[in-house]
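Notes for the structure review
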Amino acid sequence: MRKPEASLLTTDLAEPVSVFPLDRPISIVLTGVGGTGVVTIGALLGMAAHLEGKGCGIIDMAGLAQKGGAVTSHIRIASTPEDISAIRIGSGGADILLGCDNLVSAEAGLLKLMRADGHVVANSYEMPTGDFTRNADAQLPGADIAQRLSSIVGEDRAVMVNATQMALSLLGDAIAANLFLLGVAFQRGLIPLSAAAIEEAITLN
């Protein structure tokens, strides 16, 4: 574990202005790799919504990918639990893509779920795949992946950040990358929950 750089830590952050007024349920597609805490992020959002008396529905689609494989969660957040009916997000129905792994996030079937006016917040870190065990010179098409993620919603509504590197620098452990990415989405006003509720959910978890 790398020693965290305390000089980078700060609590001097303004409460963001929410992009979504919650006059309808907000749909989030959460993607990542099994074993890195993807399902945990969904659970934190669900608990935070519960603490605020809001509604939240979650479907985790992990299949056999408990470790190292693609994991996707469909998350709906609404003003009240009664406002949520179907949880699974259909084509063109996702407001936010929270991509904890850029390769998984760029899968064509997932990109079809995004609204044209949606938002993408994705981890630009290139996680080694199984190909690297057979070819040490294998490379991920990082630039192409970033372009696919940006073009689906427009560059002004897409942000790519190396959450893994930032987590290592700030906290000394890459396991915090997904939670850091959630923080980026929150600071952009994309998570219709309060910081206090999210922090309490983290404490309870």
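What counts as what
- Residues numbered from 1 in each chain as written.
- Predicted model: local features only at pLDDT ≥ 70, side-chain atom pairs only at ≥ 80, totals over all residues.
- Heavy atoms only, no water.
- 1 Å grid on protein atoms, 1.4 Å probe; cavity = no way out; pocket = protein on both sides within 12 Å on 5 of 7 lines; lining within 4 Å.
- Points joined across faces, edges and corners; volume = space filled by probe spheres on them.
- Helix = DSSP H or I, 4+ residues; strand = E, 2+ residues; numbered from the N terminus.
- Pairing = 2+ DSSP bridges.
- Axes fitted to C-alpha atoms, helices over the stretch in contact; angles between N-to-C directions.
- Contact = heavy atoms within 4.5 Å.
- Buried < 20%, exposed > 50% of the residue type's maximum accessible area, 1.4 Å probe, protein only.
- Polar contact = N/O pair within 3.5 Å; in protein donor to acceptor, adjacent residues only side chain to side chain.

Comments concerning the layout of surface pockets
Approximately 160 Å³ is the volume found for the second largest pocket. As for the second largest pocket, its lining consists of Thr36, Gly37, Thr40, Ile41, Leu44, Ile175, Ala176, Asn178, Leu179, Ile202 and Asn205. Counting only elements with at least two residues in the lining of the second largest pocket, the list comes to α1 (38–51) and α6 (177–187). A per-element tally of the lining of the second largest pocket places α1 first, with three residues.

Overview of the sheet that holds strand β4 (residues 94–99)
Read from one edge to the other, the open sheet built from six strands follows the order β2-β3-β1-β4-β5-β6, with strand pairing classed as mixed. Two strands lie at the open edges of the sheet, namely β2 (55–61) and β6 (158–161), each paired on one side alone. Sheet twist, expressed as the average angle between the axes of neighbouring strands with direction ignored, equals 15 degrees. The sheet contact formed by strand β1 (residues 26–33) and β4 spans four bridges and is parallel. Bridge pairing links Thr31 to Gly99 in β4. Here α1 sits on the sheet in contact with β1, β2, β3 (70–78) and β4, set at roughly 165 degrees to β2. Contacts between α6 and the sheet are confined to β4, β5 (114–123) and β6, with β5 contributing the most and set at about 135 degrees to the helix.

Focus: the side chain of Asn178
Assignment of secondary structure puts Asn178 in helix α6. Since its relative accessible area comes to 6%, Asn178 is described here as buried. There is a polar contact of 3.0 Å between the side chain of Asn178 and the backbone oxygen of Thr36. The residues touching Asn178, leaving out its near neighbours within four places in the chain, are Thr36, Gly37, Val38, Ile41 and Cys100.

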